[in-house]
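# Breakdown of the fold
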Amino acid sequence: MFIPNTNNKYPYPENTCDHYIKVKMNRGISFNKDYPFVDYSSKFSFKRFWVRLLLRLIVFPMAKIRMGLKIEGKAYIKANKELLKNGCVTICNHVHFWDYICIMKAVHSLKWPYLLAWDKNVNGESGPLVRCVGGIPIPLNDNEATVSFTKSIDKLLNDGNILHVYAEGSMWEYYAPIRPFKKGAASIAIKNNKPILPMAFSYRKPNWIRRKIFKQMALFTLHIGEPLYPNKELGKSAQINDLTSRAHEAVTLLSGQEKSIYPAIYNDSKKIEN
């Protein structure tokens, strides 16, 4: 297993779900109860059509070149095609600015995915593009907005769509250990009776030209695993914990690691002992 030597280049935070990327712009959008978390308007659909065309023709080939992308495990998508076409939640470690492009490339032949996105990214300079590739901002500190957001997510999945969730909570470039997972992905999957499709990025050593001339620390392989299902013999809370733990284990193994240095489930308790 190849692990990139980042030489302390990236200021990974102490809290495993915190962001260290700074978003320079705030477009002033309020993600309240009236915000269209999933935009079904014809104007937005028109813009999204052209973005998807550009993705197929230009961006996907660029990702393959820039990241040295290889995708393994597509047979699991093919074998479970009819099930996954009824809706599913995908998860993956978040290790590059372009890794969601790789996720889209892996699953778009099935359906174009949607993405739970950091609200600051949707409100930032890349916000319009994030929206066009399926970004759905997660509202904070607004109960009414959370209700509207949740209804939108439920409808999306029950209409047979794919929802991608970065269960680690933030992007840490070229990081190797799989960080603890928040329970949201499992909660959403269980509530809507949908499977989780685990994926993981592993790294490959770049050749001399990529290292010295293009300054690449690693090449990327995206591994796709078998769908995971909740254990319905358990109570709801236990189901969420169980599915979160199994999803974390699946992503860890797919990334080429036997185990993570972190616990499977992120502890967001405010108790001082935690």
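Here's what I pulled together on the structure shown here.

## Quick look at the pairing of strand 2 (residues 88-91)
Side chains Cys 88 and Thr 90 of strand 2 all project onto a buried face; the interleaved residues Val 89 and Ile 91 project onto the opposite face, where all are buried too. With three bridges connecting them, strand 2 and strand 6 (residues 196-204) associate as parallel partners. The residue of strand 6 that forms the bridge with Ile 91 is Pro 198.

## Brief notes about the packing of helix 8 (residues 184-191) against helix 10 (residues 236-254)
The N-to-C vectors of helix 8 and helix 10 enclose an angle of 120°; their axes lie 8 Å apart at closest approach. Taken together, the axes of helix 8 and helix 10 are oblique relative to one another. Considering the relative orientation of helix 8 and helix 10, their crossing is right-handed. Each of Ala 186, Ser 187, Ala 189 and Ile 190 in helix 8 lies in contact with helix 10, whose residues at this interface are Gln 239, Ile 240, Leu 243 and Thr 244.

## As for a positive patch on the surface
A cluster of basic residues, Lys 205, Arg 211, Lys 212 and Lys 215, forms a positive patch on the protein surface. For Lys 205, the location among the structural elements is in the loop between strand 6 and helix 9 (208-212).

## Details of unusual backbone geometry
Positive phi outside glycine occurs at Asn 7, with the angle close to 50°. By the secondary structure assignment, Asn 7 is in the segment before helix 1 (42-67). At Asn 193, a position not held by glycine, the phi torsion is positive, near 55°. Within the secondary structure, Asn 193 is located in the loop between helix 8 and strand 6.

## Remarks on the sheet that holds strand 7 (residues 219-224)
Taken together, the seven strands give an open sheet; going across it, the order is 1-7-6-2-5-3-4, and neighbouring strands pair in mixed fashion. Every interior strand has two partners, whereas the edge strands, strand 1 (70-72) and strand 4 (135-137), have only one. Each strand of the sheet is rotated relative to its neighbour by a mean of 25°, with strand direction disregarded. One ladder, built from three bridges, connects strand 3 (residues 113-117) with strand 5 (residues 162-165); its direction is parallel. Looking at strand 5, one finds that Pro 113 is bridged to Ile 162.

## Topic: the packing of aromatic side chains
Applying the stated criterion across every chain yields a total of 18 aromatic pairs. A ring pair is formed by Phe 37 and Phe 149, whose centres lie 5.7 Å apart and whose planes are at 75°; its orientation type is edge-to-face. Here Phe 37 is found in the segment before helix 1, whereas its partner Phe 149 is found in helix 7 (residues 143-158), with 112 residues between them in sequence. The buried category is assigned to Phe 149, whose relative accessible area is 10%. Taking 6.1 Å as the distance between ring centres and 85° as the angle between the ring planes, the aromatic pair formed by Phe 201 and Phe 220 counts as edge-to-face. Placement of the pair is Phe 201 in strand 6 and Phe 220 in strand 7, with a sequence separation of 19 residues. The two residues Phe 201 and Phe 220 agree in class, both being buried.

## Topic: the environment of Asp 142
Mapping Asp 142 onto the fold places it in the loop between strand 4 and helix 7. Spatially, the C-alpha atoms of Asp 142 and Pro 180 are 25 Å apart, while their sequence positions differ by 38 residues. Looking at Asp 142, its side chain comes within polar contact range of the main-chain nitrogen of Ala 145, at 3.0 Å.

## As for the nonpolar core
The biggest cluster of nonpolar side chains holds 42 residues, and the ones touching the most others in it are Ile 103, Met 104, Met 199, Phe 201 and Leu 222. Contributions of two or more residues to this core are made by helix 1, helix 4 (99-107), strand 6 and strand 7. Once you skip the residues sitting within four places of it in the chain, Leu 222 turns out to touch Leu 69, Lys 70, Ile 71, Glu 72, Cys 92, Cys 102, Ile 103, Ala 106, Met 199, Ala 200 and Phe 201. In terms of nonpolar packing, the next biggest core, distinct from the first, is built from 35 residues, Phe 149, Ile 188, Ile 196 and Ile 240 among them.

## Looking at helix 8
If you check which residues of helix 8 are buried, you get Ala 185, Ala 186, Ile 188, Ala 189 and Ile 190. Those residues of helix 8 that are buried lie in contact with strand 2, strand 3, helix 7, strand 5, strand 6 and helix 10. The positive-phi residue at the C-terminal boundary of helix 8 is Asn 193, with phi of around 55°.

Cut-offs applied
- Residues numbered from 1 in each chain as written.
- Predicted model: local features only at pLDDT ≥ 70, side-chain atom pairs only at ≥ 80, totals over all residues.
- Heavy atoms only, no water.
- Buried < 20%, exposed > 50% of the residue type's maximum accessible area, 1.4 Å probe, protein only.
- Helix = DSSP H or I, 4+ residues; strand = E, 2+ residues; numbered from the N terminus.
- Pairing = 2+ DSSP bridges.
- Axes fitted to C-alpha atoms, helices over the stretch in contact; angles between N-to-C directions.
- Parallel < 35°, antiparallel > 145°, perpendicular 65-115°, else oblique.
- Left-handed = near helix turned anticlockwise from the far one by under 90°.
- Contact = heavy atoms within 4.5 Å.
- Patch = residues over 30% accessible without salt bridge, like charges linked within 9 Å, V, L, I, M, F, W, Y side chains within 5 Å.
- Areas by Shrake-Rupley, 256 points an atom, 1.4 Å probe, with all protein chains shown as cover.
- Salt bridge = Lys/Arg side-chain N within 4 Å of Asp/Glu carboxyl O.
- Lys, Arg positive; Asp, Glu negative; His and termini not counted.
- Charge placed at Lys NZ, Arg CZ, Asp CG, Glu CD.
- Phe/Tyr/Trp six-rings, centres within 6.5 Å; stacked < 30°, edge-to-face > 60°.
- Polar contact = N/O pair within 3.5 Å; in protein donor to acceptor, adjacent residues only side chain to side chain.
- Core = buried A, V, L, I, M, F, W, Y, C linked by side-chain atoms within 4.5 Å.

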